[in-house]
Amino acid sequence: MQRLIQKPFRPQLAVVTGAGSGIGRGTAKALAARGAEVVVADINFATAKDTVSLIRSAGGSAYPYAVDVGDPLALETFADYVATQHGVPDVVVNNAGIVVGGPFFDIRPADLHRIAEVNLTAIVHGCRLFGAQMAARGRGGHLVNVSSIAAFTPMRLGTPYAFTAAAVKHFSETLRTELTSERIGVTVVCPGLIATNLAATATLATLSAEQVAITRQIVVKGMTLLGMHPDKAGRKIVAAVERNRAILPLRLESWLAYRLTRAFPRTSRTLMRAVSGPEVEQVVRFVIDHPGFLGVAREAAEIMPQRRGLQTYWEPPEYDDPPAPPIPLRR
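These figures come from a predicted structure and were not determined experimentally. Positions within a chain are numbered from 1, following the residues in the order the chain's sequence is written. In view of the model being predicted, local features appear only for residues whose pLDDT reaches at least 70, and side-chain atom pairs are presented and counted only at 80 or more, with totals across whole chains, interfaces and linings using the full set of residues. Water and hydrogen atoms play no part in the side-chain values, which are based on all heavy atoms of the structure.

Undergrad: Any details on the overall build of the protein chain? Residues and values, ideally.
TA: The number of helices and strands found in the protein chain is eleven helices and ten strands. Burial classes: relative accessible area under 20% of the type maximum marks a residue as buried, over 50% as exposed, and values in between as partly exposed (1.4 Å probe, protein chains only). Counting across all 331 residues of the protein chain, residues that qualify as buried make up 50%. Contacts spanning at least 24 positions in sequence make up 75% of the contacts within the protein chain whose residues lie at least 6 apart. Element-wise, carbon and sulfur atoms account for 59% of the exposed surface of the protein chain, whose accessible area totals about 15,700 Å². Every helix listed is a DSSP run of H or I at least four residues long, and every strand listed is a run of E at least two residues long, numbered separately from the N terminus. We call two residues in contact whenever any of their non-hydrogen atoms come within 4.5 Å of each other. Surface accessibility in these figures is a Shrake-Rupley result with a 1.4 Å probe; residues are shielded only by whichever protein chains are displayed.

Here's what the structure looks like:
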């Protein structure tokens, strides 16, 4: 198949959401290294500016923008701003995402609504808004949608995250077929374990506030130690765009899950049932609810090592207190 974007791959303008940390930051840096001017968008303006500083210190060009992608009107304002102030992007990376987990019947409706807004609806709207700009320009482009290994595997206690991931994967593959005539490529990225702060913004049902805080800290530190560096992930994503790949299972475990689910779906479901079944949950629940657990876990979380310099840790805003309107900064 003929590639939509011919070598050498030199995008002039790129947009990356959720670029204040993790995969978004790594991808923004990788695109800037290819010569692109990068619009760095994140719900947290401070981390967006941090990413811009890193890009500029390396000789690249980037501008920060604060936007809640889960707000369709804010996202539309953002797309209009990019077109007016910068032009039509050659590459758009819809990366922003959150985690909501726990027993499905115990998850708050507000959390279900929020994860659907951020992880799925925002990607659909991002592709619609920026894809339409690319189509009207007539020179093609590329849309990247970041999903998850959960797109392949049914995850008990992770139903909201898994169904949004699977929907993003199928949406991306369908949209790719439709936009071929417009010379717009679509790549869906399904990461495995990457050293990001995704767990730091997770919402976990049936846990106390202190249990959630300790769990976040331990999981995030563990991800920094065991996960792929987000800069490496970003370079792999940009290489996939250059090659116009339809799907990128990022890391070995994601590739294995992709192949296993396609070839042996029943085996895949049985395996996931074994590793996340109610028996495992009962053991974990017994441990974390033990009176002496919190003190030990709190101490373990504090002394647990981590790989430094990967991302900024921060608490997400409450859903009832949304962030301020989009804040462009061009200087």
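Following the structure, the description resumes.
Undergrad: Describe the pattern of salt bridges, listing the residues and the values that go with them.
TA: Any carboxyl oxygen of Asp or Glu within 4 Å of a side-chain nitrogen of Lys or Arg constitutes a salt bridge here. The tally for this structure, following the rule as stated, stands at nine salt bridges. Between Asp 90 and Arg 137 there is a salt bridge; the shortest N-O distance is 3.1 Å. Here Asp 90, found in the loop between helix 3 (72-85) and strand 4 (91-94), pairs with Arg 137, found in helix 4 (residues 109-137); they are 47 residues apart in sequence, far enough to count as distant. On the accessibility criterion, Asp 90 (14% relative accessible area) is buried. Classification of Arg 137 as partly exposed rests on a relative accessible area of 23%.

Undergrad: With reference to specific residues and values, describe the nonpolar core.
TA: The biggest cluster of nonpolar side chains holds 47 residues, and the ones touching the most others in it are Phe 78, Val 82 and Leu 143. Broken down by element, the residue count for this core peaks at nine residues, all from helix 4. If we ignore the near neighbours within four places in the chain, the residues touching Val 82 are Leu 13, Val 15, Val 39, Gly 87, Pro 89 and Phe 130. Definition of nonpolar core: a set of buried residues of the types Ala, Val, Leu, Ile, Met, Phe, Trp, Tyr and Cys, connected through side-chain atoms within 4.5 Å. Core analysis: the next-biggest nonpolar cluster, separate from the first, contains 30 residues, Ala 30, Leu 31, Ile 194 and Val 241 among them.

Undergrad: Lay out the packing of aromatic side chains in plain terms, naming residues and giving numbers.
TA: A pair of aromatic rings is counted whenever rings of Phe, Tyr or Trp (Trp by its six-membered ring) have centres within 6.5 Å, and the orientation is called stacked for planes under 30 degrees apart, edge-to-face for over 60 and tilted otherwise. This model, assessed by the stated rule, comprises five aromatic pairs. A centroid spacing of 4.8 Å and a plane angle of 45 degrees characterise the contact between Tyr 65 and Tyr 81, whose relative ring orientation is tilted. A residue pair is termed long-range when its members are at least 10 positions apart, and Tyr 65 in strand 3 (residues 61-66) and Tyr 81 in helix 3 qualify at 16 residues. Since its relative accessible area comes to 14%, Tyr 81 is described here as buried. Relative to Phe 130, the ring of Phe 78 has its centre 6.0 Å away and its plane inclined at 75 degrees; by these criteria the two rings are edge-to-face. In this pair, Phe 78 sits in helix 3 while Phe 130 sits in helix 4, placing the two residues 52 residues apart along the sequence. Overall, the relative accessible area of 1% leaves Phe 130 in the buried class.

Undergrad: Describe unusual backbone geometry, and please don't skip the residues or the numbers.
TA: Although it is not a glycine, Arg 183 adopts a positive phi angle of roughly 60 degrees. With respect to the element layout, Arg 183 can be found in the loop between helix 5 (159-179) and strand 7 (184-191). You will see that Arg 251, though not glycine, has its phi angle at about 95 degrees, which is positive. Among the secondary structure elements, Arg 251 is positioned in the loop between strand 9 (247-250) and helix 8 (252-263).

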